[in-house]
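# Results of the structural survey
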Amino acid sequence: MSTVVVASGSGGVAVRTLRALGDDGTGEEVTKITSRNQVRVCTYFFKGNLVCLRRYMDENNWIEEKDNLPGRCVFIWFGNHVNQYANAASSARFGNHVNQYSKCGVIGENLYSRHQRSSRFDGMRFLAYKVPSQIHLERLRSLFPEAMPHHPKGWCLPTDAESFAAVLKRGAKLPPNERPTYIVKPSETAQGSGIFLVQHPDQLPTGFLESTIYKRAYVVQEYVANAMLLDGFKFDLRMYVLVLSVDPLRVYLAREGMARLCSEPYQLPEESNLKNVYQHMTNYSLNKKNANFVMA
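Here the structure is a predicted model, which is why all the values come from computation and not from measurement. Here the residue index of a chain counts from 1 through its sequence in written order. Since the coordinates come from a predicted model, pLDDT governs what is reported: local features require at least 70, and pairs of side-chain atoms require 80 or more to be given and counted, while whole-chain, interface and lining totals use all residues. Hydrogen atoms and water are omitted, and side-chain values are computed over all heavy atoms in the structure.

What the chain contains, in helices and strands, is six helices and 16 strands. Across the 296 residues in the chain, those meeting the buried criterion constitute 35%. Accessible area for the chain stands at about 19100 Å²; split by element, carbon and sulfur atoms hold 53% of it. A run of DSSP states H or I qualifies as a helix once it reaches four residues; a run of E qualifies as a strand once it reaches two. Both are numbered from the N-terminal end. Each residue is assigned to one of three classes by its accessible area relative to the maximum for its type, calculated with a 1.4 Å probe on protein chains only: buried under 20%, partly exposed between the two thresholds, exposed over 50%. Note that accessible areas follow from Shrake-Rupley with a 1.4 Å probe, and for residues the cover is restricted to the protein chains shown.

In structure tokens form, the structure reads like this:
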């Protein structure tokens, strides 16, 4: 009989025991869990939907820790990037432990045990937020241009405001049906909030390109007007991955994805329809407000 520890720490131990049934070494794997060694998951810092996580915990007889007691847990489930809950220098790493709790269960740069795991990687905000993501994608394009044919040209505002203003003014001199379209997105929002299309400087809010007025960061990208359509509707396709390790890279792709569709037939962008989010944006949070929206 052999025993393998699959999770350990102050939050408990899950023990898997392999019982040999024959001389050939075949056997049956049995997971032995008691109330004393159950795996604990701290969900105190997550304010979103926990249905999927709780279902998995129930199936595996894990315990949910809802109070601010991350030191007792093997897993700490964060609801956003780690730095949202502490100062900018903090991270979800184990180091020199300080024996007191902080708001996020992270002391300086430390978890409570080297065996603890969190649901977020350090620096995730540099990929999740649009401006840092755009900067990194442009760097990648400069290094490997052949690997980025799908990524539209973009500008980060207010840093690139002067450059984008010049491009927008050039396009405005063209006939209306030949003007390029640009999509403007706030860096730190979700669900389509604050996004709009523009073809002419006059369509921008007053002072938008003046950094002294607009403190918010934005990404502007060339809008792909010749969009791929599904039965005449614009759509997007989402694929979900689980990243277990960055170095070495270990990524698992989910078997199922999700498609989101606009709720009105697509038309090429022009001044008369730039504000019609039901044609141009696939966000569920926007399209569900349309009377034509049909729940799949």
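On we go from here.
What follows covers the packing of aromatic side chains. Each aromatic ring pair is summarised here by two numbers: the centre-to-centre distance and the angle between the ring planes. Pairing of aromatic side chains requires ring centres within 6.5 Å, counting the rings of Phe and Tyr and the six-membered ring of Trp. Pairs whose planes differ by under 30 degrees are stacked, by over 60 edge-to-face, and all others tilted. Counted according to the given criterion, the structure contains eight aromatic pairs. Measuring from centroid to centroid gives 5.4 Å for Tyr56 and Trp62, while their planes differ by 80°, and the two rings are edge-to-face. When its relative accessible area of 42% is taken as the criterion, Tyr56 is described as partly exposed. Seen from their ring centres, Phe164 and Tyr182 are 5.4 Å apart, and the 85° between their planes marks the pair as edge-to-face. With Phe164 in helix α4 (residues 161-172) and Tyr182 in strand β9 (residues 182-186), this pair connects stretches of sequence that are 18 residues apart. By relative accessible area, Phe164 is classed as buried at 0%. These aromatic residues form a ring-pair network of at least three members: Tyr56, Trp62 and Phe75. Put simply, a charge is over a ring when the Lys NZ or the Arg CZ is close to the ring centre, within 6 Å, and near the line of the ring normal, within 35 degrees. The ring of Tyr44 is capped by Lys47, whose NZ or CZ atom sits 4.9 Å from the centre of that ring.

This paragraph deals with the side chain of Thr181. Inspection of the secondary structure assignment puts Thr181 in the loop between α4 and β9. What makes Thr181 buried here is its relative accessible area of 6%. Contacts described as polar in this section are N or O atom pairs within 3.5 Å, which, within protein, must combine one atom able to donate a hydrogen with one able to accept it, while residues neighboring in sequence count only if both atoms come from side chains. Among the polar contacts made by the side chain of Thr181, one reaches the side chain of Gln199 at a distance of 2.9 Å. With residues near it in sequence (within four places) discarded, Thr181 still touches Leu197, Val198, Gln199, Gln221, Glu222, Tyr223, Pro269 and Leu274. Two residues qualify as a contact provided that any one of their heavy atoms is within 4.5 Å of a heavy atom in the partner residue.

Right, let's get into the pairing of strand β14 (residues 241-245). A pair of strands is treated as paired once DSSP finds two or more bridges between them. Where β14 lies against strand β15 (residues 250-253), four bridges are found, and the strand directions are antiparallel. Residue pairing for β15: Val241 is matched across the bridge by Leu253. Where β14 hands over to β15, the hairpin turn is made up of four residues, counted between the paired strands.

When you line up the elements, Trp62 lands in the loop between α1 (51-59) and β5 (63-65). Along the sequence, Trp62 and Arg40 sit 22 residues apart, while their C-alpha atoms lie 5.9 Å from each other. Sequence-distant contacts of Trp62, defined by excluding residues within four places in its chain, comprise Val39, Val41, Tyr56, Met57 and Phe75.

Our next topic: the environment of Phe293. Inspection of the secondary structure assignment puts Phe293 in the segment after α6 (284-287). Dropping the residues within four chain positions of it, Phe293 is found in contact with Ser263, Tyr284, Asn287 and Lys288.

Where nonpolar side chains cluster on the molecular surface, the patch consists of Phe121, Leu237, Met239, Val241, Val243, Val246, Leu249, Val251 and Leu253 and spans about 890 Å² of accessible area. For the nonpolar patch, the secondary structure elements donating two or more residues are β14 and β15. Among the structural elements, Leu237 can be located in strand β13 (residues 233-238). On the accessibility criterion, Leu237 (60% relative accessible area) is exposed. Residues forming no salt bridge and having over 30% relative accessible area are the ones grouped into patches, like charges within 9 Å of each other and nonpolar side chains (Val, Leu, Ile, Met, Phe, Trp, Tyr) within 5 Å. Any Lys or Arg side-chain nitrogen found within 4 Å of a carboxyl oxygen on Asp or Glu counts as a salt bridge.

Cis rather than trans, the peptide bond between Leu157 and Pro158 has omega equal to 10°. Within the fold, Pro158 resides in the loop between β8 (154-157) and α4. Notably, Gln191 is not glycine yet its phi reads approximately 60°, a positive angle. Residue position: Gln191 is located in the loop between β9 and β10 (196-198). Despite not being glycine, Asp231 shows a phi value in the positive range, around 55°. Here Asp231 lies in the loop between β12 (229-230) and β13.

What follows concerns helix α3 (residues 130-143). Under the convention used throughout, the expected extent of a helix is 1.5 Å for every residue step, that is, one less than its residue count. With 14 residues, α3 ought to run about 20 Å at 1.5 Å a step, and its terminal C-alpha atoms sit 20 Å apart, in line with that. Every buried residue of α3 is accounted for by Val131, Pro132, Ser133 and Gln134.

On average, residues of the chain carry a pLDDT of 78, and 74% of them reach 70 or more. When the criterion is pLDDT under 50, residues 83-90 qualifies, and its contacts beyond four places in sequence or with other chains add up to 15 contacts. Every residue in residues 94-110 is under pLDDT 50, and counting partners more than four places away or in other chains gives 52 contacts. Confidence of the predictor at the level of single residues is captured by pLDDT, which takes values from 0 to 100.

Attention shifts here to the side chain of His151. With respect to the helices, strands and loops of the structure, His151 is situated in the loop between α3 and β8. There is a polar contact of 3.4 Å between the side chain of His151 and the side chain of Gln134. Ignoring any residue separated from it by four or fewer positions in sequence, one finds His151 in contact with Gln134, Leu137, Glu138, Arg141 and Gln221.

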